[in-house]
Amino acid sequence: MKVVNLKQAILQAWKERWSDYQWAINMKKFFPKGATWDILNLAEALLEQAMIGPSPNPLILSYLKYAISSQMVSYSSVLTAISKFDDFSRDLCVQALLDIMDMFCDRLSCHGKAEECIGLCRALLSALHWLLRCTAASAERLREGLDAGAPAPAAGEKQLAMCLLRLEKTLSSTKNRALLHIAKLEEASSWTAIEHSLLKLGEILASLSNPQLRSQAEQCGTLIRSIPTMLAVHSEQLHKTGYPTVHAVVLLEGTMNLTGETQPLVEQLMMVKRMQHIPTPLFVLEIWKACFVGLIESPEGTEELKWTAFTFLKIPQVLVKLKKYCHGDKDFTEDVSCAFEFLLKLTPLLDKADQRCNCDCTKFLLQECSKQGLLSEASVTNLMAKRAADREHAPQLKSGENANIQPNPGLILRAEPTVTNILKTMDADHSKSPEGLLGVLGHMLSGKSLDLLLAAAAATGKLKSFARKFINLNEFTTHGNEELAKAASVRALLFDISFLMLCHVAQTYGSEVILSESSTGAQVPFFETWMQTCMPEEGKILNPDHPCFWPDSTKVESLVALLNNSSEMKLVQMKWHEACLSISAAILEILNAWENGVLAFESIQKITDNIKGKVCSLAVCAVAWLVAHVRMLGLDEREKSLQMIRQLAGPLYSENTLQFYNERVVIMSSILEHMCADVLQQTATQIKFPSTGVDTMPYWNLLPPKRPIKEVLTDIFAKVLEKGWVDSRSIHIFDTLLHMGGVYWFCNNLIKELLKETRKEHTLRAVELLYSVFCLDMQQVTLVLLGHILPGLLTDSSKWHSLMDPPGTALAKLAVWCALSSYSSHKGQASSRQKKRHREDIEDYISLFPLDDMQPSKLMRLLSSNEEDANILSSPTDRSMSSSLSASQLHTVNMRDPLNRVLANLFLLISSILGSRTAGPHTQFVQWFMEECVDCLEQGSRGSILQFMPFTTVSELVKVSAMSSPKVVLAITDLSLSLGRQVAAKAIAAL
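Keep in mind that what you see is a predicted model, and the values were worked out from it rather than measured. (Residues numbered from 1 in each chain as written. Predicted model: local features only at pLDDT ≥ 70, side-chain atom pairs only at ≥ 80, totals over all residues. Heavy atoms only, no water.)

As a further point, take the overall build of the chain. Each helix and strand in the chain was counted, giving 47 helices and 0 strands. A total of 991 residues make up the chain; the buried ones form 55% of that total. Contacts spanning at least 24 positions in sequence make up 79% of the contacts within the chain whose residues lie at least 6 apart. (Helix = DSSP H or I, 4+ residues; strand = E, 2+ residues; numbered from the N terminus. Buried < 20%, exposed > 50% of the residue type's maximum accessible area, 1.4 Å probe, protein only. Contact = heavy atoms within 4.5 Å.)

Turning our eyes to something else, we now look at helix 24 (residues 485-509). The end-to-end C-alpha distance of helix 24 is 36 Å, a good match for the 36 Å that 25 residues give at a rise of 1.5 Å each. Most of helix 24 sits inside the fold, with 22 of its 25 residues counted as buried. Taken from the residues just after helix 24, glycine 510 is the one with a positive phi, measuring 100°. (Expected span 1.5 Å × (residues − 1).)

The subject of this paragraph is empty space enclosed by the protein. Rolling a probe over the atoms, with the probe sized like a water molecule, indicates the empty space that remains. Taken as a whole, this structure holds 2 cavities of 30 Å³ or more when the rule is applied. Put simply, the largest cavity is a space of about 50 Å³. Lining the largest cavity are Ala248, Leu252, Val726, Ile731, Phe734, Ser772, Val773 and Leu776. Taken together, the elements giving at least two residues each to the lining of the largest cavity come down to helix 12 (244-256), helix 33 (728-741) and helix 35 (760-774). Split by residue class, the lining of the largest cavity holds 7 nonpolar, 1 polar and no charged. (1 Å grid on protein atoms, 1.4 Å probe; cavity = no way out; pocket = protein on both sides within 12 Å on 5 of 7 lines; lining within 4 Å. Points joined across faces, edges and corners; volume = space filled by probe spheres on them. Nonpolar A, V, L, I, M, F, W, Y, C, P; charged D, E, K, R; others polar.)

Another aspect to go through is helix 5 (residues 75-82). With 7 of 8 residues buried, helix 5 lies mostly within the body of the structure. Of the positions making up helix 5, those classed as buried are Tyr75, Ser76, Ser77, Val78, Leu79, Ala81 and Ile82. Looking at the buried positions of helix 5, the neighbouring elements they touch are helix 3 (42-50), helix 4 (58-69), helix 6 (91-104) and helix 7 (114-147).

What follows is about the confidence of the model for the chain. Of all residues in the chain, 87% have pLDDT values of 70 or greater, and the mean over the chain is 81. Of all the helices and strands in the chain, helix 41 (residues 867-874) carries the lowest mean pLDDT, 35, while helix 34 (residues 743-756) carries the highest, 93. In this model, residues 828-846 is a region of pLDDT below 50 whose contacts with residues beyond four sequence positions or in other chains number 43 contacts. In the predicted structure, residues 850-881 sits below a pLDDT of 50 and forms 51 contacts with residues beyond four places in sequence or in another chain. (pLDDT = per-residue confidence, 0-100.)

Okay, the packing of aromatic side chains next. Summed over the entire model, instances satisfying the criterion amount to 19 aromatic pairs. Where phenylalanine 312 meets phenylalanine 364, the ring centres are 6.4 Å apart and the plane angle is 85°; that geometry is what we call edge-to-face. Here phenylalanine 364 lies in helix 18 (residues 361-371) and phenylalanine 312 lies in helix 15 (residues 302-325), a separation of 52 residues in the sequence. Taken together through their ring pairs, the aromatic side chains of Phe495, Phe499, Phe526, Phe527, Trp530 and Trp576 make up a single cluster. The lysine or arginine in question, lysine 273, covers the ring of phenylalanine 283, its NZ or CZ lying 5.9 Å from the ring centre. (Phe/Tyr/Trp six-rings, centres within 6.5 Å; stacked < 30°, edge-to-face > 60°. Lys NZ or Arg CZ within 6 Å of the ring centre and 35° of its normal.)

This part is about the nonpolar core. Among the nonpolar cores identified, the biggest contains 349 residues, and Trp23, Trp530, Phe774 and Met930 are the most heavily contacted of them. Of the residues forming this core, the biggest block, 17 residues, is contributed by helix 7. Setting aside its immediate chain neighbours within four residues, methionine 930 contacts Phe907, Ile910, Leu946, Met949, Leu957, Met963 and Ile972. (Core = buried A, V, L, I, M, F, W, Y, C linked by side-chain atoms within 4.5 Å.)

Before going further, it helps to spend a moment on unusual backbone geometry. Following aspartate 805, the chain continues into proline 806 via a peptide bond in cis, with omega recorded as 5°. Following the sequence through the fold, proline 806 ends up in the loop between helix 36 (778-795) and helix 37 (807-825). Its identity is not glycine, yet arginine 17 carries a phi of approximately 50°, on the positive side. Looking at the element boundaries, arginine 17 is found in the loop between helix 1 (3-15) and helix 2 (20-30). Accessibility expressed as a relative area gives 54% for arginine 17, which makes it exposed.

Turning next to the side chain of lysine 306. When you line up the elements, lysine 306 lands in helix 15. A distance of 3.1 Å separates the side chain of lysine 306 from the backbone oxygen of threonine 508, its partner in a polar contact. (Polar contact = N/O pair within 3.5 Å; in protein donor to acceptor, adjacent residues only side chain to side chain.)

On to the packing of helix 14 (residues 280-297) against helix 15. For the pair helix 14 and helix 15, the least separation of the axes is 10 Å and the interaxial angle reads 165°. In terms of orientation, helix 14 and helix 15 fall into the roughly antiparallel class. Crossing hand, helix 14 versus helix 15: right-handed. Here helix 14 contributes Phe283, Val284, Ile287, Trp288, Ala290, Cys291, Gly294 and Leu295 to the contact with helix 15, which in turn contributes Trp307, Thr308, Phe310, Thr311, Phe312, Ile315, Leu319 and Leu322. Of the residues belonging to the contact of helix 14 with helix 15, the class tally is 13 nonpolar, 3 polar and no charged. (Axes fitted to C-alpha atoms, helices over the stretch in contact; angles between N-to-C directions. Parallel < 35°, antiparallel > 145°, perpendicular 65-115°, else oblique. Left-handed = near helix turned anticlockwise from the far one by under 90°.)

A separate point is the environment of serine 337. Turning to its location among the elements, serine 337 is positioned in helix 16 (residues 329-345). Accessibility expressed as a relative area gives 13% for serine 337, which makes it buried. Here the alpha-carbon distance between serine 337 and asparagine 382, two residues 45 residues apart in the chain, equals 9.9 Å.

Any two side chains of opposite charge can pair, given that their charged atoms come close. Summed over the entire model, instances satisfying the criterion amount to 30 salt bridges. When the shortest N-O distance is used, the salt bridge between arginine 122 and glutamate 187 registers 3.1 Å. A residue pair is termed long-range when its members are at least 10 positions apart, and arginine 122 in helix 7 and glutamate 187 in the loop between helix 9 (174-186) and helix 10 (188-206) qualify at 65 residues. Assessed through its relative accessible area of 33%, arginine 122 is described here as partly exposed. Relative accessible area serves as the criterion here: at 23%, glutamate 187 is assigned to the partly exposed category. Put simply, glutamate 304 and arginine 356 hold a salt bridge, and the shortest N to O gap is 3.2 Å. Here glutamate 304, found in helix 15, pairs with arginine 356, found in helix 17 (residues 347-357); they are 52 residues apart in sequence, far enough to count as distant. Taking relative accessible area as the criterion, arginine 356 reaches 27% and is therefore assigned partly exposed. Residues joined by salt bridges that share partners form a network here, namely Asp351, Asp354, Asp360, Arg387 and Arg391. (Salt bridge = Lys/Arg side-chain N within 4 Å of Asp/Glu carboxyl O.)

Running from amino to carboxyl end, helix 6 crosses helix 7 at an angle of 145°, the nearest separation of the two axes being 12 Å. For the pair helix 6 and helix 7, the crossing hand works out as left-handed. Facing helix 6, whose interface residues are Asp91, Val94, Leu97, Leu98 and Met101, helix 7 presents Ala127, Trp130, Leu131, Cys134 and Arg141. Grouping the amino acids of the contact of helix 6 with helix 7 by side-chain chemistry returns 8 nonpolar, no polar and 2 charged.

We now examine the side chain of serine 821. Secondary-structure assignment places serine 821 in helix 37. Looking at serine 821, the relative accessible area reads 7%, which means it is buried. A polar contact of 2.9 Å, which involves the side chain of serine 821, links it to the backbone oxygen of tryptophan 817. Not counting residues within four places of it along the chain, the set of residues in contact with serine 821 comprises Met271, Met275, Tyr771 and Met778.

Topologically, serine 888 is positioned in helix 42 (residues 887-890). When near neighbours in sequence (up to four residues on either side) are disregarded, serine 888 contacts Val893, Gln947 and Phe948.

Let us look at the environment of aspartate 727. Counting through the fold element by element, aspartate 727 comes out in the loop between helix 32 (709-723) and helix 33. A relative accessible area of 10% means that aspartate 727 is categorised as buried. When the C-alpha positions of aspartate 727 and valine 293 are compared, they lie 8.4 Å apart, and in sequence the two are 434 residues distant. Setting aside chain neighbours within four positions, we find aspartate 727 in contact with Leu251 and Glu297. A distance of 2.9 Å separates the side chain of aspartate 727 from the side chain of lysine 723, its partner in a polar contact. Of the polar contacts made by the side chain of aspartate 727, one reaches the side chain of serine 730; its length is 2.6 Å.

Rendered as structure tokens:
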């Protein structure tokens, strides 16, 4: 039916002066069926007729108001019609339109299809633009009137006040702002027009003198500008001062992962900061606190140097990267300065650290931060002066005995440029001046120089290239062509020192630092081959009969003859790598001869003296094989092998040794102690290694003997919870228990402990601590928690009682934190700490969660006790809006990834719980889980875990009173997708 006839019908009603309800009855007679009033553009036709003259037609306006009240026309069609009127000089018409908007602008709703709801968003955006233009026109006229010296500006001010009032009324509704947020994403160009209008309005109002109108307009402007970022506003926690999670993450990294790259640590810290809404100054303070605690409690020796390097070299680099994530430069330097102000109040902590390091630690830190541009000169001077004043009252730091000890922070900071120089030296051609190179390496071996340099290299990310250079040097020394005695001894020393250094690096920082990126076709260097196949490590079982231990028999025979007959090792033209590979077979020959009485103990002593007399690396290779060999022997067969280890472990007291012998023996002893630790414990044997006065393995063998590991786990967790923070010793115990019990056992038992807690503050503290303990292997723990433990609790009604508040809320929080952390980091590489762990197959995730939509997964069968539900969940027929369609499918996320599968199925389970007829603690748990997701989300994070939530869950969620807010709907839907915006608009418009 044509609009012309609609126009005639309206004119007839006006001529015959029908009342509004009479008009409505007759209209329905004129247009019986078929097209709706919106399709016929009734609202626009009525407005067009009403606005013909200088003032509006009251009768036709009454028809429009009746049509709005009786819902003959939709709000969107009325708003669209209003926004087409642009003759702002007709005051009465504008007033009439503002009155019509007044009828419904603060209670817009739409219960139609998703397209209609999106239509409402667009119409509201047009109406907002119209209101801004209208306000600007009123303000312009008022300004012109004032300029012309009009006597009564009151009328103009009244008109402007009316416009601003409607703007304020429309924008003060969160629901309207949420609809506008969606519209902005739908129509970016219209939003640009709104921003232009807002600027223009601001310019005009700036010249007006009425402060009330100006402040009202500014308020409206602020509301409009807040629309694009309405999800970004999070209140920061100001009632807390300690954040155990940050503390533990820093401690974990400093204790176990000094060689790790800074970027993953920065991302993990930022994730914690966002999830817990930590203000920046307190966040930086917590990082410093953790560093000082680490410094104070680190065991003497290598660990202490590692912590010093971590605190003074790595953490300033981490803060430089954090600066990019946090707001502008100036603000961040203020926050760092503020953090130091707080830190200076913790006088006992700083005094203890100063006592431990024998220096003013704060001064060193401030200088490093100043170098990195994290603090201004003025702040540094001010903070140093404050600390200096405090130190005067500190307990006497210098005593006679430690006055001569050089402080570690100073040594580490000096070691860092030395590392760079050594790397340059190592780049030179080794064949040109091997003696000069030997001199450099000899200096590195003295005292604690080597550990200082390695710690500085590890903290600055140079350890891998350091190791590479030593592997190349080691490879260079394997062959000697027509050399003289002196050159042969230099070559032997270079081989030995590089070999020992590499073993030491592998044991201190993990073997992955040594391994090169595998390039096909390239020959693997000797040391890499030996380390991977022959070197004992924690958790690595070697086979003593492996072919790598059995080289060419002629080489073995000549080596046995050499060791047995000559008074000392020959050096000239010796192929040291071949000797290292042949020594295992030679040792077996010698052992057999000893066992069978062919060789006496004196001969064995002479042979072992020969092995360790010139190059210590031969002794290391011999013990590596003996350790593997002893494991395979019975109790009564081990004695001679262990005695041989004992012989090889002690130094040789002889005049005829090569240069730097004592320094090399110290490193050799430390290497052998690490290698033998496991086997000595298993065979209950003791071997006295030459002591350096420092415990070389401080974190080894921490579990109490003869106690079930579950008891140890619950006990250590209770202690940590009582203390409120995790110390590095506890971290190592947790790590050992995780190794021994496996991920499922570890996670399941700790979750049971969490669910036993009944006090709210305890459960919150437990969550913060558990999250940090789970960081030991976050990826695997998350798979177990979300894929096994949570579904088990949510689908078994006998366990629902354990999900009550407070432990239920705490578990929901923990699950969300783990999911977000794993999801944000699993695209990156696993850290070296996590690569070392032996992976266990928790379960085949493909069979647990099949890929085929038509095949109900094991989880779905668990869920659906009745046929009806199973049908809904497992056979999506309408793909456009099936019960399982989620944003992740539209983003084509790889569903073969275990974490993605686990998340997708967890959200299917959540969807099914929300849609089921039974409510209980499990329903409440789902609500807490979703609330925490919303609370932790950052604005515009497409690709968050919520993309796995089926679109249909949104309409179920808004039925839960706590979740029925426009902001929640915006937060849980993926607004980067057209379908996501439709789902959000439909849910919000129906609120």
